Amino acid sequence: MSIIEVKNLKVWYPIRGGFFNTIKGYVKAVDDVNLSIEPGETYGLIGESGSGKSTIGKTIVGIERPTAGSIIYKGEDVTKGRNRKKLKYNRDVQMIFQDSLSSLNPRKRINDIIAEPIRNFEKLSKTEENHRVKELLDIVGMPKGSMYKYPFEFSGGQRQRIGIARAVSTHPKLIVADEPVSALDLSVQAQVLNYMQDIQKEFNISFLLISHDLGVVRHMCKNLSIMTRGRFVEVGTREDIYDRPQHIYTKRLLAAIPDINPRNRQEDTKERLRVEAEYENDEKAWYDKNHRVLDLKPVSSSNTHYAAVPESNSMVEQGGE
Amino acid sequence: MDKEKDNVLLEIEHLRTAFRINGKFYNAVDDCSLTLRKNEIYAIVGESGCGKSTLATSIVGLLDPLNSKVKGSIKYRGQELVDLNADEYDKIRGENIGMIFQDPLSALNPLMRVGDQITEALYYHTKDSEAERKKKALELLKRVGIPDPEGTFRRYPHELSGGMRQRIIISIAVACSPEIIIADEPTTALDVTIQAQIIDLLKDIQKEKESGIIFITHDLGVVAEIADRVGVMYAGQLVEIGSVFDIFEDPKHPYTRSLLNSIPQAGELGDRLHVIQGNVPPLSEMKRSGCRFAPRIPWIPASAHEENPSYHQVGDGHYVLCTCYQTFHFQEEK
């Protein structure tokens, strides 16, 4: 039983123009996307900038309105306001943002920032609330004295941890983490990722981890999907995607990750150029006439791995075996 | 010996760059020495706040003279750069030393056409006529892999994508075929596929012009991909210097080892990542004596550190600061 299911989600933005400002076309930020997240799982969503990955996250949380499609939570469609209220959806789904400075109100103290969601959804006395905030700060490894400080007094990693504490404060079931570590240094990134894993274990929270960093997603997620031009090109487990990529776009993305072994340098470059050449040569075969990504097809018998491959390439893996 | 001397492009010795904070000067770069040779990509890696960018801006002399002080020596082919005045620096900057910035949008002038920004460098540093400059600029645009040089020449920066903008910056930096290119986080703002293309381009240009590149980054993967020599920077000091193989295969300094250890690897799902305790101290609170990394590895006894850390040679061209590397172990190993 999945905690949340996104079905045929479309988010199109109209392009207006002409004398009467009529709709001339659409930017298809998200175009017919399906995904489901299991309880206690971290689901990875990878894409380059402009691929529409953040739009999916925002639509799930409710910051963007879907053009079509549905988001099923506890068996009901939460794109309708009435259901959201009934299911306490806004309490159960929280978000962690990329830029920790601009997502924390600079004029509020940490105490008020973390307590804000609690005040919205629960009625606690002053002392109970204080106690909760201290608890939350403790979970993310921040000293208690930080309650009375302002966001600017903290470093990037600490602010991101405050963001996590705020997201966890209402005991959510799902947290959408939109590039939570991409602005952080390596060692700080490790710290934040560790805290995310701790919290997940402690409260059985599901994460939707949106990132462009394939290394981070590989470390955190069992299932993931790769996205470009508003569509999924490949969906599967981490082994499926990292060990047996099928779509040319995935291959290209994987080939572009720098390897930390300097001895492999030459081979990596060669491999990268080969994939790049392949991408340029048969790019047309992988997209339809309107440059739209093809529909997902199963590419292995395992029932987890899907890729947007052309007709002739589907079930490649099986054929090869 | 002469040949060796000929190969040395840039020699930095005991460089100290200080910034004024509340009326007091604090060293952001504290006693850094490095030598850049011809045909070499020298990567400087470290976390934010370690002084990497300050080192770069000191070399090209772009620091505000009122609020900063540069001491020590930076020699470009034997010529001292530290004491130069603004006019003298202008002659070297662009012609002999090119600079690539991190954010290509803020480094380009939004009100000037891209082509004019490339020819501007040629205007100041060569005696070419206008037609020649344009011809050269078009060649440069083609060289950095821009599909439609003629069209792009007339465009404004906002009309181009991030990768294209970074290519423009590179073409400006190499317009006068400088011997040294300083690249300050040139790929940080880009997607991985674009990053790979830019890295390949930089490597090609470096080979073609036989220039030396100082490549500043915090991404160890990029370092492994591009660098010949690596300097690991912590709290204003180069704590470990060595070839790229030394650093990745036989890292010595606790900081280098900790950094390498905190990269998310392909291991088991849910493995805990290594975390370095504490933070990079802010400039005004930085400890000025002893091993600066000591507060972040408190389980190592004080006796393992040197009182006045000095460089120890551990291999051919491989140097480590402070003696703590000899007894260092990760906390969980014990």
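Scoring rules and cut-offs
- Residues numbered from 1 in each chain as written.
- Chains lettered and ligands numbered in written order.
- Predicted model: local features only at pLDDT ≥ 70, side-chain atom pairs only at ≥ 80, totals over all residues.
- Helix = DSSP H or I, 4+ residues; strand = E, 2+ residues; numbered from the N terminus.
- Rg over C-alpha atoms; globule rule 2.2 N^0.38 Å.
- Buried ≥ 20, exposed ≤ 12 C-beta atoms within 10 Å, placed from the backbone.
- Pairing = 2+ DSSP bridges.
- Contact = placed C-beta atoms within 7 Å.
- Domains from an automatic or database assignment.
- Nonpolar A, V, L, I, M, F, W, Y, C, P; charged D, E, K, R; others polar.
- Core = buried A, V, L, I, M, F, W, Y, C linked by C-beta atoms within 7 Å.
- pLDDT = per-residue confidence, 0-100.
- Axes fitted to C-alpha atoms, helices over the stretch in contact; angles between N-to-C directions.
- Parallel < 35°, antiparallel > 145°, perpendicular 65-115°, else oblique.
- Left-handed = near helix turned anticlockwise from the far one by under 90°.
- Expected span 1.5 Å × (residues − 1).

S.K.: Which parts of the structure should I look at to understand the overall build of chain A?
M.R.: The number of helices and strands found in chain A is 13 helices and 12 strands. Rg of the C-alpha trace for chain A: 21 Å, near the compact-globule value of 20 Å for 321 residues, within the 12% margin. If you line up chain A on its principal axes, its C-alpha atoms span 65 × 60 × 45 Å. For chain A, the proportion of its 321 residues judged to be buried stands at 44%.

S.K.: Teacher, can you tell me more about the pairing of strand 3 (residues 41-45) of chain B here?
M.R.: Within a regular strand, the side chains alternate between the two sheet faces. All names here are of chain B. Where burial is concerned, most of strand 3 is hidden: five out of the five residues are buried. Taking every second residue as pointing to the same face, both faces of strand 3 are buried, with I41, A43 and V45 on one and Y42 and I44 on the other. In this structure, strand 3 lies alongside strand 8 (residues 212-217), joined through five bridges in parallel fashion. When the bridges of strand 8 are listed, I44 appears paired with I216. Bridge count between strand 3 and strand 9 (residues 229-234): four bridges; the pairing is parallel. The residue of strand 9 that forms the bridge with A43 is V230.

S.K.: What is the right way to read helix 12 (residues 254-261) of chain B from this model?
M.R.: In an α-helix, one full turn covers 3.6 residues, which means residues spaced three or four apart are oriented alike. Of all the positions in helix 12 of chain B, only P254(B), Y255(B), T256(B), S258(B) and L259(B) are classed as buried. Buried residues along helix 12 of chain B sit against helix 7 (186-203) of chain A together with helix 10 (220-226), strand 9, strand 10 (237-243) and helix 11 (244-249) of chain B.

S.K.: Is there a simple way to think about the domain arrangement of chain A in this case?
M.R.: By a widely used convention, the size of an interface equals the accessible area lost when the partners come together. Residues and elements named next belong to chain A. In terms of domains, chain A is made up of domain 1 (4-228) and domain 2 (239-321). Placing the centre of domain 1 and that of domain 2 at their C-alpha centroids yields a distance of 29 Å. In this complex, domain 1 contributes six residues to the contact, which on the side of domain 2 involves eight residues. For the side of domain 1 that touches domain 2, the per-class residue count stands at three nonpolar, two polar and one charged.

S.K.: In this structure, what is going on with the interface of chain A and chain B? I would like to understand it.
M.R.: Facing 29 residues of chain A, the contacting portion of chain B comprises 31 residues. Looking at the side of chain A that touches chain B, the elements with two or more residues in it are helix 7, helix 8 (214-220), helix 10 (248-256) and helix 11 (265-281) of chain A. Examining the composition of the side of chain A that touches chain B, we find that seven residues originate from one element, helix 7 of chain A, more than from any other. In terms of residue class, the side of chain A that touches chain B is made up of 10 nonpolar, 11 polar and eight charged.

S.K.: Sorry, what's going on with the nonpolar core here?
M.R.: Nonpolar side chains in soluble globular proteins tend to end up buried together. Among the nonpolar cores identified, the biggest contains 176 residues, and L208(A), L209(A), A43(B), I182(B), I214(B), F215(B) and V223(B) are the most heavily contacted of them. The leading source of residues in this core is helix 7 of chain A, at eight residues. Two domains share this core, each providing at least three of its residues, namely domain 1 (4-228) and domain 2 (239-321) of chain A. Non-local contacts of I182(B), meaning those with residues more than four positions away in its chain, are made with A56(B), I59(B), V60(B), I97(B), M99(B) and I214(B).

S.K.: For this particular structure, what's the right way to read the confidence of the model for chain A?
M.R.: Residues shown with low pLDDT carry predicted positions that ought not to be read at fine detail. Of all residues in chain A, 97% attain a pLDDT of 70 or more, and the chain-wide mean is 88. In the predicted structure, residues 314-321 of chain A sits below a pLDDT of 50 and forms 11 contacts with residues beyond four places in sequence or in another chain.

S.K.: Help me understand the sheet that holds strand 6 (residues 93-96) of chain A in this model?
M.R.: Strand pairing within a sheet occurs via backbone hydrogen bonds; the two strands may be parallel or antiparallel. Residues and elements named next belong to chain A. The mixed open sheet is built from eight strands, whose spatial order is 6-7-8-3-9-10-12-11. In this open sheet, the two strands that pair with only one neighbour each are strand 6 and strand 11 (297-298). Pairing between strand 3 (residues 42-47) and strand 9 (residues 223-228): five bridges, direction parallel. Within strand 9, the position partnered with G44 by the bridge is L224.

S.K.: Help me understand the packing of helix 10 of chain A against helix 9 (residues 192-209) of chain B in this model?
M.R.: When two helices pack together, their arrangement is given by the angle between the helix axes and by the axis-to-axis distance. Running from N to C, helix 10 of chain A and helix 9 of chain B point in directions that differ by 55 degrees, and their axes come no closer than 8 Å. Overall, the two elements helix 10 of chain A and helix 9 of chain B adopt an arrangement that is oblique. Like other packed secondary-structure pairs, helix 10 of chain A and helix 9 of chain B cross with a definite hand, here left-handed. Together, R252(A), L253(A) and A256(A) of helix 10 of chain A and V192(B), T193(B), Q195(B) and A196(B) of helix 9 of chain B make up the contact between the two elements. For the contact of helix 10 of chain A with helix 9 of chain B, the per-class residue count stands at four nonpolar, two polar and one charged.

S.K.: In this structure, what is going on with the sheet that holds strand 1 (residues 8-21) of chain B? I would like to understand it.
M.R.: All names here are of chain B. If you trace the four strands from one edge of the open sheet to the other, you get 2-1-4-5, paired in antiparallel fashion. In this open sheet, the two strands that pair with only one neighbour each are strand 2 (24-37) and strand 5 (79-80). Both strand 1 and strand 2 contribute to a ladder of 11 bridges, which runs antiparallel. In the sheet register, I21 faces strand 2, and the bridge partner there is K24.

S.K.: It is not clear to me how the environment of F245(B) should be interpreted in this structure. Could you clarify?
M.R.: Residues and elements named next belong to chain B. Considering the arrangement of structural elements, one finds F245 in helix 11. For F245, a count of 16 C-beta atoms within 10 Å gives the class partly exposed. On a C-alpha basis, the gap between F245 and Y123 in space is 42 Å, while along the polypeptide they are 122 residues apart.

S.K.: Any chance you could explain the environment of E38(A) here in plain terms?
M.R.: All names here are of chain A. If you trace the backbone, E38 turns up in the loop between strand 2 (22-37) and strand 3. Residue classification places E38 among the partly exposed positions, given that 14 C-beta atoms sit within 10 Å. Separated by 59 residues in the primary sequence, E38 and F97 have C-alpha atoms spaced 22 Å apart. Sequence-distant contacts of E38, defined by excluding residues within four places in its chain, comprise S2, I3 and S206.

S.K.: Is there a simple way to explain helix 8 (residues 162-173) of chain B in this structure?
M.R.: Residue and element names in this part refer to chain B. Under the 1.5 Å per step criterion, the end-to-end length of helix 8 is 17 Å for 12 residues, consistent within 8% with the ideal 16 Å. Where burial is concerned, most of helix 8 is hidden: 10 out of the 12 residues are buried. Along helix 8, the positions that sit buried rather than exposed are M164, R165, Q166, R167, I168, I169, I170, S171, I172 and A173. Check the buried side of helix 8 and you find it contacts strand 6 (97-100), helix 4 (104-107), helix 5 (114-125), helix 6 (130-143), strand 7 (180-184) and helix 9.

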